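Secondary and tertiary structure notes
These are the residues of each chain, in order.
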Amino acid sequence: MEQNYYQKEIETMSAEEMKKLQSEKLVKQVKHVYENVPYYRNLMDEKGVKTDDISGIEDLHKLPFISNADLRDAYPYGLLAKPLEDCVRIHSTSGTTGRRVVAFYTQNDVDLWEDCCARAITAAGGTKKDVCQVAYGYGLFTGGFGLNGGSHKIGCLTLPMSSGNTERQIQFMTDMQATILCCTPSYAAYIGESLKEQGYKPEDIPLKAGIFGAEPWTEEMRQGIEKTLGIKAYDIYGLTETTGPGVAFECSEQTGMHVNEDHFYAEIIDPDTGEVLPEGSKGELVFTSLDKEAFPLLRYRTRDICVLSRKKCSCGRTLVKMAKPMGRTDDMLIIRGVNVFPSQIETVLLKEGYEPNYQIVVDRVNNNDTFEVNVEMTTEKFTDKLSDIIGMEKSLANSMKIMLGINPTVHLVPPKAIARSEGKAVRVIDKRNLI
Ligand code: DLL
């Protein structure tokens, strides 16, 4: 495949030049953060690190880590490094105040983020001649706006569909002859099945490529989607904390994702000791944003387990590659692309007068996540009247939908029906086998 680059000079830069660029940016970024964010200043002072101690990337390890707990402590404005009047956008994850990540962007931050997404679309073969259908959610979630921005930058005809309404997705896809589809892999698989049901063969579908991410997916799932839609399916990674999609993206080699390391410096650490591990080791992925203005994060612990590789890539890009994330160091589940913590379910149950005796069962049926929550009735709430049970299940499912942003199927079970564990309670049964 002929290679196109969106920012060739950066994407194919020599390791030496890249290190120089990263070092210059890091020195500036550390000063910006130290001077403008008291929270960071305290963390650095506590660790005894001064801005002058950081003269390049090789000094990065001296800086303290920052974690989701810090984001929670500092919510909502405590990590803001620019006056609010210089910010033009926020994005956020779903969830309760404590769990919700709210990230701020200046216009420059939005621009750099959209460049990252443009690199991803270009690596998937996108040019201004393409029609790019963006079926990630628009709104607080970063997926829709991120890829929309990248698509505009390249000059593709952009279809800002948002997620859902599959009938309409298919109609626009076929009427407008969309050539690139951006959405979660599970939604891509679902669209593929719907097309098949309507009698479309892969050769009738105008798409040539898909850019799928925001949740774990397997190589088998890739092959399935590629076959049904008759496309090449590319992975894309990102997280709200560091902007959104486009932190890393796949190229034609499809053996891992190139990290946009001129903007996000990646490290792999031992999650228990915090020690930086050598290339090729499996550990927790940590990112430092090198030029974000409003919400810069230094050494942010993502909780994604991953491996980095600097093996030469046939696409010509020299950007370091990350493997597909291989799991998490925390209990976060990603169900239909939405981040779900068991503690959120617990919060709902306690609020509604239930005990925290529950079990989450997640599976993937026909490439679609199923999401069930079994909840014990308390002795006070116990009833064997079917209509009451159905009403209570509906009401609980509704409260969970408000909390999580996705709909579970709730099953009420009699008191003591969920097996008690002698050790840690088994709260989650994930049958998806994603890794
Ligand atoms: O999922 C941003 C995104 C949007 C990425 C669209 C790609 C496409 P969050 O909702 O904050 O942001 O979730 C971030 O999702 O820490 C990973 O655990 C997981 N994740 C994201 N991309 C992938 C991927 C967006 N390609 C969390 N493979 C991250 C596996 C992924 N997991």
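Up top is the structure.
Just so it is clear, the structure is predicted and the values come from calculations on it, not from any experiment. (Residues numbered from 1 in each chain as written. Predicted model: local features only at pLDDT ≥ 70, side-chain atom pairs only at ≥ 80, totals over all residues. Heavy atoms only, no water.)

**Quick word on the packing of aromatic side chains**
This model, assessed by the stated rule, comprises seven aromatic pairs. In this arrangement the basic side chain of Arg222 is found over the ring face of Trp217, its NZ or CZ atom lying 5.7 Å from the centre. Against the face of Tyr354 rests Lys381, its NZ or CZ located 4.6 Å from the ring centre. (Phe/Tyr/Trp six-rings, centres within 6.5 Å; stacked < 30°, edge-to-face > 60°. Lys NZ or Arg CZ within 6 Å of the ring centre and 35° of its normal.)

**Considering the site of the ligand**
Close to the ligand lie 21 residues, the nearest being Ala214, Asp235, Ile236, Thr240 and Asp304. Taking Glu215, its main chain carries an N or O atom lying 3.3 Å from a nitrogen atom of the ligand. Relative to its free-state accessible area of 610 Å², the ligand is covered by the protein chains to the extent of 97%. Listing elements by their share of the shell around the ligand, those giving two or more residues are α6 (142-154) and β7 (232-239). Looking at the shell around the ligand, the element that brings in the most residues is β7, giving five residues. Here the residues of the shell around the ligand sort into ten nonpolar, seven polar and four charged. (Near = heavy atom within 4 Å. Polar contact = N/O pair within 3.5 Å; in protein donor to acceptor, adjacent residues only side chain to side chain. Areas by Shrake-Rupley, 256 points an atom, 1.4 Å probe, with all protein chains shown as cover. Helix = DSSP H or I, 4+ residues; strand = E, 2+ residues; numbered from the N terminus. Nonpolar A, V, L, I, M, F, W, Y, C, P; charged D, E, K, R; others polar.)

**Observations concerning the sheet that holds strand β12 (residues 300-309)**
Spatially, the eleven strands line up as an open sheet ordered β4-β3-β5-β6-β7-β8-β9-β13-β12-β11-β10, and their pairing is mixed. Of all strands in the sheet, those bounded by a partner on one side alone are β4 (157-160) and β10 (264-269). With two bridges connecting them, strand β9 (residues 257-259) and strand β13 (residues 321-322) associate as antiparallel partners. Looking across to β13, one finds that Met257 is bridged to Met322. (Pairing = 2+ DSSP bridges.)

**Quick look at the pattern of salt bridges**
In this structure the tally under the stated criterion is 24 salt bridges. Between Asp291 and Lys25 there is a salt bridge, with its nearest N and O atoms 2.5 Å apart. A residue pair is termed long-range when its members are at least 10 positions apart, and Asp291 in the loop between β11 (282-289) and β12 and Lys25 in helix α2 (residues 15-36) qualify at 266 residues. Residues Asp291 and Lys25 agree in their burial class; the two are buried. Ionic pairing is found between Asp115 and Lys153, a salt bridge with its closest N-O pair at 3.0 Å. Of this pair, Asp115 sits in helix α5 (residues 107-123) while Lys153 is found in helix α6, placing the two residues 38 residues apart along the sequence. The class for Asp115 is buried, based on a relative accessible area of 10%. (Salt bridge = Lys/Arg side-chain N within 4 Å of Asp/Glu carboxyl O. Buried < 20%, exposed > 50% of the residue type's maximum accessible area, 1.4 Å probe, protein only.)

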